[in-house]
Structures are given as structure tokens and as C-alpha cells.
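Observations on chain architecture
Given next are the chains, with one letter for each unit.
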Amino acid sequence: MGNHHSVRGGSKNAGAQSIRWTSGPAIVLYLAAFKLIFQLLCASKYGFDGDELYYASCSEHLDWGYFDHPPLIDLATFVARHVFGDSLIGKLRIEPCCIDIGELARQAIAMMQPTADEKGVRLEAALDPTVPLVYSDPDRTLEVLINLIDNGIKFTPAQGAVSVKASLVETDPTSVYVSISDSGRGIPAESIQHVFERLYQDPDAVDGSRAGLGLGLYIAKEIVTLHGGRMWVASEAGTGSTFSFTLPLYSLAKLLLPLITHLGRLREAIVLVRVELTALPNALRGSWRETCQQCLELLRKCIYLDKDLVLPRMGTNGPVETFYVVASTDMERVNIMMERIRGQIGALPKLKATGVLRVTAENIPCPDVTDAGTLEQKVWGIADHVTGIVQQGLGNQEQKNLKDKENHNHAK
């Protein structure tokens, strides 16, 4: 394999070029390792993982989509561990927010489809649409999904299948259960207890040309554990394997109960306010995320803490960020809140320079006092209705972000 690469266009800086590697794996691997080492140094010295600074300084020149691949993550982690030791790994943080696990799973499947097609392995999905929002770090969770799907493809022969499933389990109402099953040869009984160990590799891999460094499953389990979840594997030789893990659900009903009820009854009216921030083409990823965080902090100052709730950040990656507020008011009086939001957030200098603000609201139907059901059940119904609106918005937002990304790539 050659070491050629294609150079696309120029840059405002003298000598700078926008590079997309079509081959040259050694260069890609070194840069992937450098990326994580940079993050670890920032974590050790400054207390943050360096992702924002790194993307802000480099995103104009490199297509980082090529680095978000488990073997590259493995190698980068391997280099970082042997240069800096294990102690720094623990300083990498997760940043949980509300995510639609179904949308994230579909994104992971789409990213791994070319790898599956190349090997002749089918990718299937069984994603329960009734699963509520999940509270987890979208980037880290995507790493776990990609790692497990890639692992399934690696150990599944041609004409086989890898299936991704997300569902609820009655015995654990606080978590979502995610599983990745393959139709491969399975894991020998003597190896099951070792698969999550650091640097462990199965010597009988189906595809020896894609052998990793034995860190993928170890890292995936560490990420899930950081979320308070569990990861395990079930397998029998000759029947395939199923890797499963749990993530915590975002319990909107529990948070809403003291806010949208008063004296044992639902408040008279409830409104969902949507605050949408859209980045301008000149906004860098790192600085845009910082701007969105500042907007979120201002938004929390625009509500009544005893009557309103600002939902956590939505787990999306792209130029559009949406925040939601469940407000105990009606469609007429909510205009006061909306004007306050426009005045506070719209005046932020960074947003004026890099983005556009849009604030809208819609009424949330409330059950009548004569309707059957307990107060808690009525609150759960409202929470489910809000969750449905948010999940639909997340799906539309992901589609818009993907379309913007495709248009950006075509423009290059």
C-alpha cells in the first residue's frame, strides 16, 4: 500500500493545506496517537481533555472522520499508556447529556456499513422506539458502539450478520439495555473471563489481518462503567457472541413532578420552549461548543427554578444545538420568558459573531382533573409526551447536521 495523499485547496495561512488521507496508514496512526496524547497532556496539566482546543486548532486542515475508528483509538491509547502511564487515563472525563440511543446506534451502523460491506457481513438493527432519552456522553457512547460493532464484524465470516438491539427491561426500569450480537464462531469458554482484560487478544481471530492491540473491549467497558452502567458478554463456541451493556435513562418525570404540580394537582398549563442555536459557516467546532455552553448557563438564569426545568444538553454533533425548557405557564405568558431569553442570550457577543438564535414554544396538553389515574401517572404521561417531541427534534436535527456535513464535503 502506498503513502500517497490528496491535497484539497489552500488556506488563509501561508503554507497551510487541507489534507484528506486516502491511504498512508502510518501517518494516520501517528496522528491518531498524537491526538489522544494531546488530550491526556491537557487533562494532566490543565484539568480538561483538550478536545476543544485540539479541534479548534486543527479542524480546518484535517478530516478527523478518518481517526474515529476503533483500531486507531486502540493504538493511540496504547501509545499514551506506555508513554505517560495509566494514571492519566482516569482523568479523561465524560460529559453526559440527553441522547436518543436509537439515533446514536443508527449513526454507528452507518459509520461501520462500509467495513461490513467489504467483508460481506450484514448489519441489522432492532431498536425499540419507546426507549426514553438516555443520559450519557454521546461521543464516548458512540465509541463503545463502534468498537463492539467493529469487533462483531471482525469475528463474523462472510454471509454472517451483526445485530444491534436497544430495549427496556422490566426488571431494571432505570436503564436501557444495548446489545451487539454476531453470528461468528463464538468465544471459547476459557477465553470469556479474559476478553475485557487490557491487552488481551483472541489468538484465533477470523480476520487476522485486522488484529488490534487488545484494548478495545477494555476501553469500552471502562467508558460504560464511568456512566454507572455494566458490560458483559454471553457466548458459546460455534453460535456467536452477544456483548451487552446498560446506560442510565434520563428520568424526566421525577424532575418534573415537583415543578409542574402544586397542592396535589397539575398546574393549569405547561409549555415546551425550544431554544435553537445555529452556527454560522465560519464558526470553529471548539469555540462553537463553548458558546453553546455559555448560552445554556444564561438560559438557566431566565427561568423560575420552582416552576420550570431546563433539560440537559441534547447529544448531537453538528452546527445546530437545541435546548428545551418545560415551563409551568400558558402560551400567552410564555412570551415574557421568550423575550427574556432573546434579550439575555441574543446579547452574548460570541453568539452574535458565530451563530443565530431562534426561540419557539408549543403547548403541552395536560390531562383533565377528572381523568383517571394518579398524579404521578399524569406526570409520567406529560414526561412521555415531552420526550417524544424532543426525540423527534433530535432525529430531525441529526438529519440536518448530516446534510450540512455532506454539503460541506461536496463543497470541498
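Preceding block: the structure.
Heads up: these notes are all about the structure in this document.

What counts, and where the lines are drawn
Residues numbered from 1 in each chain as written. Predicted model: local features only at pLDDT ≥ 70, side-chain atom pairs only at ≥ 80, totals over all residues. Heavy atoms only, no water. Helix = DSSP H or I, 4+ residues; strand = E, 2+ residues; numbered from the N terminus. Areas by Shrake-Rupley, 256 points an atom, 1.4 Å probe, with all protein chains shown as cover. Core = buried A, V, L, I, M, F, W, Y, C linked by side-chain atoms within 4.5 Å. Buried < 20%, exposed > 50% of the residue type's maximum accessible area, 1.4 Å probe, protein only. Contact = heavy atoms within 4.5 Å. Pairing = 2+ DSSP bridges. Axes fitted to C-alpha atoms, helices over the stretch in contact; angles between N-to-C directions. Phe/Tyr/Trp six-rings, centres within 6.5 Å; stacked < 30°, edge-to-face > 60°. Disulfide = S-S within 2.5 Å. Polar contact = N/O pair within 3.5 Å; in protein donor to acceptor, adjacent residues only side chain to side chain. Expected span 1.5 Å × (residues − 1). Arc of directions from axis to C-beta. Salt bridge = Lys/Arg side-chain N within 4 Å of Asp/Glu carboxyl O.

1. Thoughts on the overall build of the protein
- In terms of helices and strands, the protein carries 12 helices and 15 strands.
- When the accessible surface of the protein is split by element, carbon and sulfur atoms take 55% of a total near 20500 Å².

2. Some details on the nonpolar core
- Among the nonpolar cores identified, the biggest contains 41 residues, and Ile101, Ile149, Ile180 and Phe245 are the most heavily contacted of them.
- Once you skip the residues sitting within four places of it in the chain, Ile101 turns out to touch Val131, Val134, Thr141, Ala166, Val176, Val178 and Leu247.

3. Side note on the sheet that holds strand E8 (residues 231-235)
- Taken together, the five strands give an open sheet; going across it, the order is E4-E6-E7-E9-E8, and neighbouring strands pair in mixed fashion. Two strands bound the open sheet, and with one partner strand each, they are strand E4 (122-127) and E8. Each strand of the sheet is rotated relative to its neighbour by a mean of 15°, with strand direction disregarded.
- Across six bridges, E4 lies against strand E6 (residues 161-169) in parallel orientation.

4. Quick word on the packing of aromatic side chains
- Inspection of every chain in the model, using the stated rule, returns three aromatic pairs.
- A ring pair is formed by Tyr135 and Tyr250, whose centres lie 6.0 Å apart and whose planes are at 35°; its orientation type is tilted. Here the residue Tyr135 occupies a position in strand E5 (residues 134-136), and Tyr250 occupies one in the loop between strand E9 (241-248) and helix H8 (252-256), the gap between them amounting to 115 residues.
- Tyr135 gets classed as partly exposed once you look at its relative accessible area, which sits at 34%.
- Aromatic pair Tyr177 and Trp232: ring centres 6.0 Å apart, planes at 70°, arrangement edge-to-face. With Tyr177 in strand E7 (residues 172-182) and Trp232 in strand E8, the pair connects residues that are 55 residues apart, well separated along the chain.
- On the basis of relative accessibility, which here comes to 28%, the residue Trp232 falls in the partly exposed class.

5. Regarding the state of the cysteines
- Applying the stated criterion to the full structure yields zero disulfides.
- Take Cys292: it sits in no disulfide, and the sulfur closest to it among the cysteines is that of Cys295, at 6.1 Å.
- With a relative accessible area of 1%, Cys292 lands in the buried category.

6. Structural notes on the side chain of Thr387
- In this structure, Thr387 sits in helix H12 (residues 375-411).
- Setting aside anything within four residues of it in sequence, one finds Thr387 in contact with Pro132, Leu133 and Leu252.

7. Regarding the environment of Ser136
- When you line up the elements, Ser136 lands in strand E5.
- Taking the relative accessible area as the measure of exposure, Ser136 reaches 0% and is therefore buried.
- Discounting residues that sit within four places of it in the chain, Ser136 has contacts with Glu95, Pro96, Cys97, Ile99, Thr141, His227 and Leu247.
- Within the structure, the side chain of Ser136 is placed 3.0 Å from the side chain of Thr141, a separation counted as a polar contact.

8. Observations concerning helix H5 (residues 138-154)
- Spanning 17 residues, H5 covers 24 Å between terminal C-alpha atoms, matching the ideal 24 Å at 1.5 Å per step.
- Extensive coverage of H5 is indicated by the burial of 15 of its 17 residues.
- Measuring from the side-chain oxygen of the N-cap residue of H5 to the backbone nitrogen of Asp139 gives 3.0 Å; that N-cap residue is Asp137.

9. Observations regarding helix H10 (residues 334-346)
- When the terminal C-alpha atoms of H10 are compared, their 17 Å separation across 13 residues agrees well with the 18 Å that a helix rising 1.5 Å per residue should span.
- If you check which residues of H10 are buried, you get Val334, Met337, Met338, Ile341 and Ile345. When H10 is viewed along its axis, its buried side chains cluster within an angular range of 100° and face the same direction. For H10, exposure combined with an orientation more than 90 degrees from the buried face picks out Ile336 and Glu339.
- Where H10 is buried, its residues contact strand E12 (270-279), helix H9 (285-300), strand E14 (320-327), helix H11 (349-354) and strand E15 (355-364).

10. With respect to the pairing of E8
- Residue alternation in E8 divides its side chains into a buried set, Met231, Val233 and Ser235, and an unburied set, Trp232 and Ala234.
- Bridge count for E8 against E9 is five bridges, and the pairing is antiparallel. Paired with Trp232 across the bridge in E9 is Ser244.
- In textbook terms, the turn of a hairpin is the stretch between consecutive antiparallel strands, and for E8 and E9 this stretch comprises five residues, one of which, Gly238, has a positive phi near 90°.

11. Here we look at the pattern of salt bridges
- Scanning the entire structure with this criterion turns up 10 salt bridges.
- Measuring nitrogen to oxygen at the nearest pair gives 2.7 Å for the salt bridge that ties Glu321 to Arg313. Here the two residues Glu321 and Arg313 agree in accessibility, since each one is buried.
- Sharing partners across several salt bridges, the network here consists of Glu95, Asp139 and Arg289.

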